[in-house]
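Coordinate inspection notes
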Amino acid sequence: MRDEYQIMLFAWVLVSIWVGVVFLLNRRTHPSALFLLFLVELWERFSYYGMRALLMLYLTSMTMTGGFGIPENLAYGIYAAYGALVYLTPLAGGYLADKVLGFRKSIIWGALLMAAGQFTLSAGSGEAMMSHIEAKERAAATAAVAGEVAEASVRPTDSPVTESDTQNNKLFLYTGLALLVIGNGFFKPNISSLVGKYYHEGDSRRDGAFTIFYMGINIGAFLTPLTCGTIGEIEGWRYGFLCAGIGMMLGLGIFLATVRSGILQHHADPPATASQFWLPAPLIYLGTFLVIPVAGLLIHYNDVMDYILGVVGIGAVAYILYMSFQYGIVERQRIWVIAVLLIFTAVFWTFFELAGSALNLFTERNVNRNVFGLVTLTTSNFQAVNAFYIMLFAPIFSFMWVKLANNKMEPSAPVKFAMGLLLLGTGFLVLNLGKAAAVNGLMPAMFLLLLYLLHTLGELSLSPVGLSLVTKLAPAKIVGFMMGFWFLSSAIAHQAGKWIASETAADKDATPEQTLDLALGVFNDVGLFAIGSGVLLLLLSPVLKKWMHGVK
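Attention shifts here to the pattern of salt bridges. All told, the structure shown has 11 salt bridges when counted by the stated rule. The residue Glu41 makes a salt bridge to Lys188 at a minimum N-O spacing of 2.6 Å. Of this pair, Glu41 sits in helix α2 (residues 32–60) while Lys188 is found in helix α5 (residues 163–196), placing the two residues 147 residues apart along the sequence. Both residues of the pair, Glu41 and Lys188, belong to the buried class. By sharing partners, the salt bridges in this structure join Glu41, Glu44, Arg45 and Lys188 into a single network.

This is the structure we're talking about:
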């Protein structure tokens, strides 16, 4: 059995045991709905991260392997627009669930759309492969007439895919991504909100419940690159997407079984005022199909997203500042803190999310994927490293902050943000050590693992703190509104990341040594900018801490 499949099986066995232990230890503390929703979210994240691990590789791989052979800079644009829309659509999905659909209908509809998206991508990949085979047969037939059968059978350049083939394949691609984006909007915000319904304000079990739920997210993110990624790269892209779609259907099946059992009680029902809302539920479902081509066009013509998010981002910061003057000095300055940290958060996620784009292709081209001489991994397998580190270090960070707080040594939130940026920047600069150990343009995998370690520690310093801080700093009337702006920064970050990733795009005939130099030049600039941002935030932290007026 191949190394990759052995690792996949070992991971599944390990995680199955771990999940069983977690459920066993907490079964008397938490309602059974938590554990079922944990499994639903695990499979949804399995589906999402499975596609994420494969997307850039699928877009840029040769048509003869079922890929698209898209130039890297164009592929980065598709990836960026998709990621941006993933963070924008939950704003609408959460609103529609609150006003009309309720959690149950929103989650089911979202799961169906996402599964359809994965299966569409799988079908499109299969179609792309068949188009190449048919094109090769056409080329061979043409060459046979000229007496060049032997040459035609070995020259991939003699098997052009027709314009009709290309357009059909693109239709599958953009339709699949659009379905995933819209389905995510209905699903993602509402399953998290549903978990919260089982714990009243002040319930001491609440934080523990979300810790368990967050574990489900990361288990899904850990398993899928080792499963969908491995299968997709070895057996064919279509099977990787198919695997992700099956995962989503498993999650949907668990949710439907939960609904039938009555465990959800009334928590997932539509709101009592749903009939008074101007947009009835049937029109929402029909409207979904009208939005699919719009989302697909935004992903295809992704430069439009630059302008949309640029205007929205500047407008958001301006509006936050304007709104702050509607409150007293304490609330006003707390809102200013959110606005400042929002900018630094966008910088962090812009660089961090290069993991799925530029760093993914860097792993493909410039990393020796034989780890310590023990096992050989696929490119997408490395996308599991971040989730593994989170599962390993999140409990340590949680314990560390509590311990420091008890000793009155816990750093302020702005300092934690600065730490995140410093760790992120250092991670990129670490790759320079790998260059010194590179052979034929391939650096040892340990340096990429070290990069992901530093990035994960930076994420743990910033991400959970940021979400908690917004709920503490924002005035009670606009907490949800401010959270929406906070997630908007992730959408902007995804879109901005395409410009950085595009700088790493190399010519097809570039040598590994040339692609290594090109990528490291960009990553060095990114690392230095992140470190500079962290230093700047450290200098601003005393002022920001003062503006927080005692909020920890």
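Back to the text.
Right, let's talk about unusual backbone geometry for a bit. Negative phi values dominate among residues other than glycine, just as trans dominates among peptide bonds. Even without a glycine there, the phi angle at Asn440 is positive, about 55°. Secondary-structure assignment places Asn440 in the loop between α13 (413–436) and β4 (443–444). Taking the relative accessible area as the measure of exposure, Asn440 reaches 58% and is therefore exposed. With a phi close to 50°, His549 is a non-glycine residue in the positive phi region.

This brings us to the environment of Ile70. Structurally, Ile70 can be placed in the loop between α2 and α3 (72–145). Each C-alpha atom, one on Ile70 and one on Leu59, is 5.7 Å from the other, the two residues being 11 residues apart in sequence. Residues within four places of Ile70 in sequence aside, it is in contact with Leu59, Thr60, Ala75 and Ile78.

What follows deals with the packing of aromatic side chains. Under the criterion given, the structure shown has 27 aromatic pairs. Seen in terms of ring centroids, Tyr58 and Phe68 are 5.4 Å apart; in terms of plane orientation they differ by 90°. Their pairing is edge-to-face. Placement of the pair is Tyr58 in helix α2 and Phe68 in the loop between α2 and α3, with a sequence separation of 10 residues. Residue Tyr58 is classed as buried on the basis of its relative accessible area, which comes to 1%. Centre to centre, the rings of Phe222 and Phe388 are 5.9 Å apart; their planes meet at 35°, and the pair counts as tilted. In this pair, Phe222 is assigned in helix α6 (residues 206–235) and Phe388 in helix α12 (residues 385–406), connecting sequence segments 166 residues apart. Its relative accessible area of 38% is what places Phe388 among the partly exposed residues. Clustering of aromatic rings is evident, with ring pairs tying together Tyr58, Phe68, Trp237 and Phe241.

Before going further, it helps to spend a moment on the side chain of Thr227. Tracing the sequence through the fold places Thr227 in helix α6. Look past the residues within four positions of Thr227 in its chain and what remains in contact with it is Met8, Trp12, Phe46 and Cys243.

With that settled, consider a nonpolar patch on the surface. Residues Phe119, Tyr239, Leu242, Ile246, Met249 and Leu250 make up a contiguous nonpolar surface patch of roughly 490 Å² in combined accessible area. Per-element accounting of the nonpolar patch gives the leading share, five residues, to helix α7 (residues 237–261). You can see Leu250 is positioned in helix α7.

Turning our eyes to something else, we now look at the packing of helix α10 (residues 329–352) against α13. Two numbers describe how α10 lies on α13: the axes approach to 11 Å, and their chain directions differ by 25°. Here α13 runs roughly parallel to α10, going by the angle between their axes. For the element pair α10 and α13, the recorded crossing hand is left-handed. Judged by residue contacts, Leu341, Phe344, Thr345, Val347, Phe348, Phe351 and Phe352 of α10 engage Pro414, Phe417, Gly420, Leu421, Leu424 and Phe428 from α13. Broken down by class, the residue content of the contact of α10 with α13 amounts to 11 nonpolar, two polar and no charged.

With that settled, the discussion passes to the packing of α13 against helix α14 (residues 445–473). The description of two packed helices rests on the angle between their axes and on the distance between the axes. Between α13 and α14, whose axes approach to 8 Å, the crossing angle comes to 165°. Considering their axes alone, α13 and α14 lie roughly antiparallel with respect to each other. Once α13 is placed against α14, the crossing between them reads as left-handed. Of the residues belonging to the contact of α13 with α14, the class tally is 18 nonpolar, eight polar and one charged.

Criteria and cut-off values
- Residues numbered from 1 in each chain as written.
- Predicted model: local features only at pLDDT ≥ 70, side-chain atom pairs only at ≥ 80, totals over all residues.
- Heavy atoms only, no water.
- Salt bridge = Lys/Arg side-chain N within 4 Å of Asp/Glu carboxyl O.
- Helix = DSSP H or I, 4+ residues; strand = E, 2+ residues; numbered from the N terminus.
- Buried < 20%, exposed > 50% of the residue type's maximum accessible area, 1.4 Å probe, protein only.
- Contact = heavy atoms within 4.5 Å.
- Phe/Tyr/Trp six-rings, centres within 6.5 Å; stacked < 30°, edge-to-face > 60°.
- Patch = residues over 30% accessible without salt bridge, like charges linked within 9 Å, V, L, I, M, F, W, Y side chains within 5 Å.
- Areas by Shrake-Rupley, 256 points an atom, 1.4 Å probe, with all protein chains shown as cover.
- Axes fitted to C-alpha atoms, helices over the stretch in contact; angles between N-to-C directions.
- Parallel < 35°, antiparallel > 145°, perpendicular 65-115°, else oblique.
- Left-handed = near helix turned anticlockwise from the far one by under 90°.
- Nonpolar A, V, L, I, M, F, W, Y, C, P; charged D, E, K, R; others polar.

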